[in-house]
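# Descriptive structure summary
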Amino acid sequence: MQLKNDALFRQQAFINGVWCDADNKQTHEVLNPATGEVIGTVPMMGANETRRAIEAADTAQSTWAKKTGKERSIVLRRWHTLIAENIEDLALLMTHEQGKPIGEAKGEIQSGLDYLEWFAEEAKRVYGDVIPGHMADKRLIVIKQPVGVTAAITPWNFPHSMISRKAGPALAAGCPMIVKPAMETPYSALAMAYLAQQAGIPDGIYSVVTGDPVAIGEEMTTNPMVKKISFTGSTRVGKILMKQCADTVKKMSMELGGNAPFIVFDDADIDAAVTGAMMSKYRNSGQTCVCANRLFVQAGVYEAFSQKLAEQVRAIKVGNGLESGVTQGPLISKAAADNTEALVEDAKNKGATVLCGGQRVDADKNFFNPTILTDVNNDMRIANEEIFAPIAPIFKFDTDEEAVALANRTEYGLAGYFYSRDIGRVWRIAEALEVGMVGVNTGMLTTELAPFGGVKESGMGREGSKYGIEEYVETKYICLDIN
Ligand code: ADP
């Protein structure tokens, strides 16, 4: 890997401003999912190192919290500037560890920058309230204070921006954060730590602990010094963390799995719907929590939509994300490719037709051909599980009621998309979908300006927008007698 600035490639964890190894000196290897080659190692840390990071954060917290919003904002903006200046290297690092095409990697870093910029600005706007008194001599005041030490556990699909969305508001609000990145993609988080230090973020305010997810997660969720956990990942792990947080009653933000419906009504602009489906389904090899998971197409336009989508899907170029022209990288691991194969086999055995794709590119590699399945039904695994792969199952429906019932037939509730030009239908369907975010006539809805998050078993809490910083502050009510 040829970086302009080699210092961004860190193979140690970052605790209290110091680069360090695991106490027992153990490491684990990080693989390039496109080639299977070892990129490097990181420390295999556990509870002890995590506890030290938490204690350091606890010590550093009060000084950071006492700074003015503007002072914190200036430091965050410096971090933002340094990330922007190093975007080429950061994208290269990301493509090596995560696999996404270099253009998508830059796009993700830009999205992270947007969140960081937003929260650097919001640091100055953590407003309270003055409420008219309930008695003539009483004044009721509401202030917002940082929650204290926070911890984040982040996934491998967006190794950079998932951190900006959490560390941005935490640090802006006056809270230190300890990040545990996914084992597959630690280098993006560590590069951010290097730049955080260069930007003047004080020791202990942003630490990164790499290693054993169970041991680190247990310490983060049970240590009473940690006041808040922010997690993005699977619903299965989210539930474990919620249980572990119960004994110390921590605040939690949980951004969990999704099973997004993507509905195309017969009055839709079909070309626009195809473009939206391409963005929503195949971005990041289908490995995003807001990816269209199930496509529902009304009977009258089913054939036309499927054929037009297939044309576009056949034009996707699969390969190593470093090569020019590649528009889809590998899946994150061999296990992910195996599971994708099993999902397609299950669907085929239950009657699905493969319109395009349907198998791996090479038997022993992580690349999967972008796939469309038709003749699908609700008994198939693809109808019920988060797919996390470039497979689009297309279901047929007749009425609006049927579409809504199908869309909501899941324990998940993160994103939902639909295409229609009828204003009444747009309102009715947007209100009826049991999700936290709705895209109407668009397949992309993530922006730092809007609240990102889910309902049902997709989680709780919101990231981004004016609502995002609320997750990192406590509301304190002061009743003042003026006599
Ligand atoms: P994914 O399916 O996207 O890998 P996971 O929920 O398994 O989703 O992983 C998301 C994050 O949760 C990763 O950082 C992973 O290391 C971490 N993780 C996995 N298991 C646990 C656990 N038991 N406790 C804490 N963190 C965990």
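Treat the numbers as computed from the prediction; the structure is a model and nothing was measured.

Looking only at helices and strands, one finds 15 helices and 20 strands in the protein. For 483 residues, the compact-globule estimate of 2.2 N^0.38 gives 23 Å, and the C-alpha radius of gyration of the protein, at 23 Å, lies within 12% of that figure. Relative to its full complement of 483 residues, the protein shows a buried share of 53%. In the protein, the share of contacts with a sequence separation of at least 24, taken over all contacts with a separation of at least 6, comes to 72%.

Turning our attention to the UniProt feature "active site" (unreviewed entry) in the protein. When the UniProt feature table is mapped onto this chain, "active site" (unreviewed entry) is found at Glu-255. Glu-255 sits in the buried class, given 28 other C-beta atoms within 10 Å. Leaving out residues up to four positions away in the same chain, Glu-255 has contacts with Phe-231, Thr-232, Cys-289, Gly-453, Gly-454, Gly-459 and Glu-463.

Quick look at the environment of Val-438 now. Tracing the sequence through the fold places Val-438 in strand E18 (residues 437-440). Sequence-wise, Val-438 and Lys-466 are 28 residues apart; in three dimensions their C-alpha atoms are separated by 18 Å. When residues no more than four places from it in sequence are discounted, the contact partners of Val-438 are Gly-416, Ala-430 and Leu-433.

With that out of the way, let us pick up the pairing of strand E12 (residues 260-264). With respect to burial, E12 is a largely interior element, 5 of its 5 residues being buried. On E12, burial covers both faces: Ala-260, Phe-262 and Val-264 on one face and Pro-261 and Ile-263 on the other are all buried. Inspection of the sheet shows E12 paired to strand E13 (residues 292-298) by 5 bridges, in the parallel sense. Across the sheet, the residue bridging to Ile-263 is Phe-296, located in E13. Regarding topology, helix H9 (residues 270-282) serves as the crossover connection from E12 to the parallel E13, and that connection is right-handed. Note that E12 and strand E17 (residues 415-419) share 3 bridges and pair parallel. Looking at the pairing, Ile-263 lines up with Phe-418 of E17.

Around the ligand, a shell composed of 15 residues is seen, among which Pro-213, Gly-217, Gly-233, Ser-234 and Val-237 lie nearest. Only helix H7 (213-222) and helix H8 (235-245) provide two or more residues apiece to the shell around the ligand.

Core analysis: the largest hydrophobic core is formed by 76 residues, its most contacted members being Leu-76, Phe-119, Leu-171, Met-177 and Ile-178. Here the element with the most residues in this core is helix H4 (residues 102-122); it accounts for 9 residues. Every residue in contact with Ile-178, bar those within four places of it in the chain, is listed here: Ala-53, Ile-54, Ala-57, Ala-151, Ser-207, Val-209 and Met-220. Of all hydrophobic cores here, the second largest spans 61 residues; its members include Val-376, Ile-387, Ile-394 and Tyr-412.

Bringing the UniProt feature "domain: Aldehyde dehydrogenase" (unreviewed entry) in the protein into the picture now. According to UniProt, the "domain: Aldehyde dehydrogenase" (unreviewed entry) feature falls on residues 19-478. What you have in residues 19-478 is 41% helix and 20% strand, and the ends, taken at the C-alpha atoms, are 42 Å apart.

Where helix H3 (residues 87-98) meets H4, the closest approach of the two axes is 8 Å, and the angle between their N-to-C directions is 120 degrees. Our classification of the angle between H3 and H4 gives oblique. In this structure, the crossing between H3 and H4 has a hand that is right-handed. Touching Ile-87, Leu-90, Ala-91, Met-94 and Thr-95 of H3 are Ile-102, Ala-105, Lys-106, Glu-108 and Ile-109, all from H4. A breakdown of the residues in the contact of H3 with H4 according to their chemical character gives 7 nonpolar, 1 polar and 2 charged.

Quick look at helix H1 (residues 47-66) now. Over its 20 residues, H1 runs 29 Å from end to end, which matches the ideal 28 Å to within 8%, given 1.5 Å per residue. Along its length, H1 reaches its greatest deviation from straightness, about 40 degrees, at Ala-60. Residues of H1 that are buried: Ala-47, Glu-49, Thr-50, Arg-52, Ala-53, Ile-54, Ala-56, Ala-57, Ala-60, Gln-61 and Trp-64. On its buried face, H1 sits against strand E1 (13-15), strand E7 (149-153), strand E8 (177-180), strand E9 (206-208), H7 and strand E10 (226-232).

The strand order across the open sheet formed by 3 strands is E5-E6-E20, and the pairing between neighbours is antiparallel. Every other strand in the sheet has two partners, leaving strand E5 (129-131) and strand E20 (473-481) as the edge strands with one partner each. For this sheet, the mean inter-axis angle between neighbouring strands, taken without regard to orientation, is 25 degrees. One ladder, built from 9 bridges, connects strand E6 (residues 138-146) with E20; its direction is antiparallel.

Let's shift gears to the confidence of the model for the protein. Predicted confidence across the protein gives a mean pLDDT of 98, with 100% of residues reaching 70 or more. Looking over the protein, one finds the lowest element-wise mean pLDDT in helix H12 (residues 381-384), namely 96, and the highest in E1, namely 99.

Another point: unusual backbone geometry. Even without glycine at this site, Asp-375 takes up a positive phi of about 55 degrees. Within the fold, Asp-375 resides in the loop between strand E15 (371-374) and H12. Residue Ser-465 is not a glycine yet carries a positive backbone phi of 70 degrees. Relative to the elements of secondary structure, Ser-465 occurs in helix H15 (residues 465-468).

Running from amino to carboxyl end, helix H2 (residues 69-85) crosses H4 at an angle of 165 degrees, the nearest separation of the two axes being 8 Å. With respect to their mutual orientation, H2 and H4 come out roughly antiparallel. Like other packed secondary-structure pairs, H2 and H4 cross with a definite hand, here left-handed. Contacts between H2 and H4 involve Ser-73, Leu-76, Arg-77, Trp-79, His-80, Ile-83 and Ala-84 from the former and Ile-109, Leu-113, Leu-116, Glu-117, Phe-119, Ala-120 and Glu-121 from the latter. Residues belonging to the contact of H2 with H4 are distributed by class as follows: 9 nonpolar, 2 polar and 3 charged.

Rules used in this analysis
- Residues numbered from 1 in each chain as written.
- Predicted model: local features only at pLDDT ≥ 70, side-chain atom pairs only at ≥ 80, totals over all residues.
- Helix = DSSP H or I, 4+ residues; strand = E, 2+ residues; numbered from the N terminus.
- Rg over C-alpha atoms; globule rule 2.2 N^0.38 Å.
- Buried ≥ 20, exposed ≤ 12 C-beta atoms within 10 Å, placed from the backbone.
- Contact = placed C-beta atoms within 7 Å.
- UniProt positions renumbered as here; feature names shortened; annotations may be inferred.
- Pairing = 2+ DSSP bridges.
- Right-handed = clockwise from strand over helix to strand, strands pointing away.
- Near = placed C-beta within 6 Å.
- Core = buried A, V, L, I, M, F, W, Y, C linked by C-beta atoms within 7 Å.
- Axes fitted to C-alpha atoms, helices over the stretch in contact; angles between N-to-C directions.
- Parallel < 35°, antiparallel > 145°, perpendicular 65-115°, else oblique.
- Left-handed = near helix turned anticlockwise from the far one by under 90°.
- Nonpolar A, V, L, I, M, F, W, Y, C, P; charged D, E, K, R; others polar.
- Expected span 1.5 Å × (residues − 1).
- Bend = angle between axes of the 7 residues up to and from the residue.
- pLDDT = per-residue confidence, 0-100.

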